Amino acid sequence: MIRILSGFDHRLSSITSDLFPSPSPAAPEASGEQEPLANSLSSSLAAFDAAEQLIHLWDTTPEALVFEAPEDDAAHYLAAVDVAVDHLASSSSSSNPAVYGRAGVAVQLAMARLEDELRHLMLRHAVPLDASGLYCSLRRLSLGSMDDLDTSSEFDPATPHSQDGGGGAGPDTARSASIAGNNPFDEQVFDLVRPEAVDELRAIADRMVLAGYASELAQVYCAIRRDLLDECLNVLGVERLSIDEVQRVEWKHLNDKMKKWVHGVKTVVRSLLTGERRLCDQVLAASDELRDECFVESTKGCIMQIRSFGDAVAVCTRSPEKLSRILDMYEALAEVIPELKELFFGSYGDDVIHDLEGVLERLGDAVKGTLLEFGKVLQQESSRRPMMAGEIHPMTRYVMNYLRLLVVYSDTLDTLLDDTGAGDVDHNGLHNGTDEDEEYLKSLTPLGRRMVKLISYLEANLDEKSKLYEDAALQCIFSMNNTLYIVQKVKDSELGRILGDHWIRRRRGKIRQNSKSYLRVSWTKVLSYLRDDGHGSSGSGSFSGSGSSSSRIKEKLKNFNLAFDEIYRSQTLWKVPDPQLREELKISISENVIPAYRAFTGRYGSLVDSGRNSGKYIKYTPEDLENHLSDLFEGSLGSANHSRRR
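Residues numbered from 1 in each chain as written. Predicted model: local features only at pLDDT ≥ 70, side-chain atom pairs only at ≥ 80, totals over all residues. Heavy atoms only, no water.

## Concerning the packing of helix α14 (residues 394-406) against helix α18 (residues 472-491)
Then, number 1: Contact geometry for α14 and α18: axes closest at 10 Å, N-to-C directions at 15°. With respect to each other, α14 and α18 are oriented roughly parallel. The interaxial crossing formed by α14 with α18 has right-handed handedness. Of the residues in α18, those in contact with T396, R397, M400, N401 and R404 of α14 are N482, Y485, I486, K489 and V490.
Then, number 2: Among the residues making up the contact of α14 with α18, the classes are represented as four nonpolar, three polar and three charged. (Axes fitted to C-alpha atoms, helices over the stretch in contact; angles between N-to-C directions. Helix = DSSP H or I, 4+ residues; strand = E, 2+ residues; numbered from the N terminus. Parallel < 35°, antiparallel > 145°, perpendicular 65-115°, else oblique. Left-handed = near helix turned anticlockwise from the far one by under 90°. Contact = heavy atoms within 4.5 Å. Nonpolar A, V, L, I, M, F, W, Y, C, P; charged D, E, K, R; others polar.)

Right, dumping it as structure tokens:
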């Protein structure tokens, strides 16, 4: 370029020395004061002439790019810009209007050129976002949630009149905790622009600021960075959705979008915005105010997209299945806000932080509102179809797995529920309001008090459902099955720590009470036929009583057989899933029935054996009864052909 210029005018052959003067020996002192000043002005004007022509020459080739030319050419152009800017600043429109006008035109052309160069460099050297790599790094930080919640049950808590069905117990609480101090971003630096272009961008920005083109610089810089950040959000799957759109999305798809938002927020803050702040600080170092303004303006769309989706979720219809995702969103935003405060500061950043804190507050309100709605659903669920075998109700499975997995968010929920106070819990879940219960409630965390309340709603609903059974004994079996399931889910999880031994002891007492009620309701009548009324004595085996006594004994044994067979036919179909409870019930029955039967048949058996068809009355041996009792509560028809006596 210099060689070309030198061909036009011999004065430009020395452009390099004019723009980049090298040190020279000190010149002898002038004899007068005017000669150095004249020489200085002449040298300055010559340098400006050379710079002006270089700037105009590049302007005649708009398709060419300075920073794609050899490195020396870029340095020469920047030096020419410096000369033009300096000449414009030092000259005056009144003293030398022609030169001042030329300098203004040269600077204007140079700024337009540098603006294009800046745009090209930022686009060309932007680093594409590797979403899979970011997600892999974030996976160690991201917190799982209630993905493992058992939804196999047909019970739908959002539909009070849903039909009941079977359902397996969900897995235990599963959410990997983040490792303190182990931030993958400490080990991996995400550059949004290739490092080799940063110095060139800063060189352009410095000159635009110095020339008074900070506004134009901010406009082009922010527009490019804003568009690139929006593309990054699309890569991360964080969509721009309105409140109406979120309301219309099916839960399955909304669930995926909420998960992507949680990952996206962490990625945006810890990678994109952190990198964007660093880029602003490097490129726009010439002005503190400009870099703060440009950072806020560049990230405005990104922040707006995060904020709008968070607000849309916060006001959407509240249903229990959304709670875990809303909590994930709340925790993710709460986690990054302190980091955002390190990025957004000053008057420009205060509004951003205030807006995001507002989203956080609304998400917290959504969490509390959803918990209240869940409690109402438990109170109002009124399905009328009983479990035929008296086993665990799908609602019990769903609710307890749901509560167990909510415990993963215990710290967050304790904070959000702290303003409800201990008085917000009734004493129904404790059966009586003793001083001990009062102290117990005060000892609980806010989440613990809410758990007591929700489980009490579940238990009250189960009590109503038990009344759907006409058989009082089956009511007891249903109550024992469900209460034991609740206790096991509490004891085998963090719920046990939150609710404590006092709560568990109360439920175990309820199970024992139902067990006694079952024995009384189901077996009292059977055992009444084996009561000793003093009808006679077996003596040495001979009949010593009257015929009427023998008839009464036969009638008792006949009634016993009928009652026992009826219990056997029905209660073999009943189901007690827990093997320990099932075995304890069988043992309790055997301890009451077998000794009484053995004593009765031993004492009065001779009154029946002496007659015809004695097997019709003494239908079972004690061993037969023991075998039959082992079939109870298995949920299937027992062996109908147990060996009989004789």
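Once the structure has been displayed, the description carries forward.
## Notes on the pattern of salt bridges
Then, number 1: For the coordinates displayed, the defined rule picks out 34 salt bridges.
Then, number 2: For E52, the salt bridge identified is with R102, shortest N-O distance 2.4 Å. Taken as a pair, E52 in helix α3 (residues 34-59) and R102 in helix α5 (residues 97-124) lie far apart in primary sequence, 50 residues in all.
Then, number 3: On the accessibility criterion, E52 (11% relative accessible area) is buried.
Then, number 4: Judged by its relative accessible area of 30%, R102 falls in the partly exposed class. (Salt bridge = Lys/Arg side-chain N within 4 Å of Asp/Glu carboxyl O. Buried < 20%, exposed > 50% of the residue type's maximum accessible area, 1.4 Å probe, protein only.)

## Re the environment of S517
Then, number 1: Looking at the element boundaries, S517 is found in helix α19 (residues 494-528).
Then, number 2: Owing to a relative accessible area of 16%, S517 belongs among the buried residues under this scheme.
Then, number 3: Expressed as a C-alpha distance, the spacing of S517 and A473, which sit 44 residues apart in the sequence, is 7.6 Å.

## A short note on the environment of V407
Then, number 1: Mapped onto the elements of the fold, V407 is located in the loop between α14 and α15 (410-417).
Then, number 2: The spatial distance from the C-alpha of V407 to the C-alpha of G448 is 9.4 Å, given a sequence separation of 41 residues.
Then, number 3: Setting aside chain neighbours within four positions, we find V407 in contact with L447, M451, E494, L495 and I498.

## Examining the packing of aromatic side chains
Then, number 1: This model, assessed by the stated rule, comprises twelve aromatic pairs.
Then, number 2: Taken together, a centroid distance of 6.1 Å and an interplanar angle of 50° make the contact between W523 and F564 tilted. Pair noted here: W523 is in helix α19 and F564 is in helix α20 (residues 547-571), with a separation of 41 residues, a long-range link.
Then, number 3: A residue is classified by how much of its surface remains accessible, and W523, at 2% relative accessible area, is buried.
Then, number 4: Residues F600 and Y604 carry aromatic rings whose centres are separated by 5.0 Å and whose planes lie at 55° to one another, so their mutual orientation is tilted. Placement of both F600 and Y604 in helix α21 (residues 579-609) is noted, with a separation of four residues, approximately one turn of the helix.
Then, number 5: Y604 sits in the buried class, given a relative accessible area of 1%.
Then, number 6: Each residue in the set W523, F560, F564, Y597 and Y620 is aromatic and connected to the rest through ring pairs, giving one cluster. (Phe/Tyr/Trp six-rings, centres within 6.5 Å; stacked < 30°, edge-to-face > 60°.)

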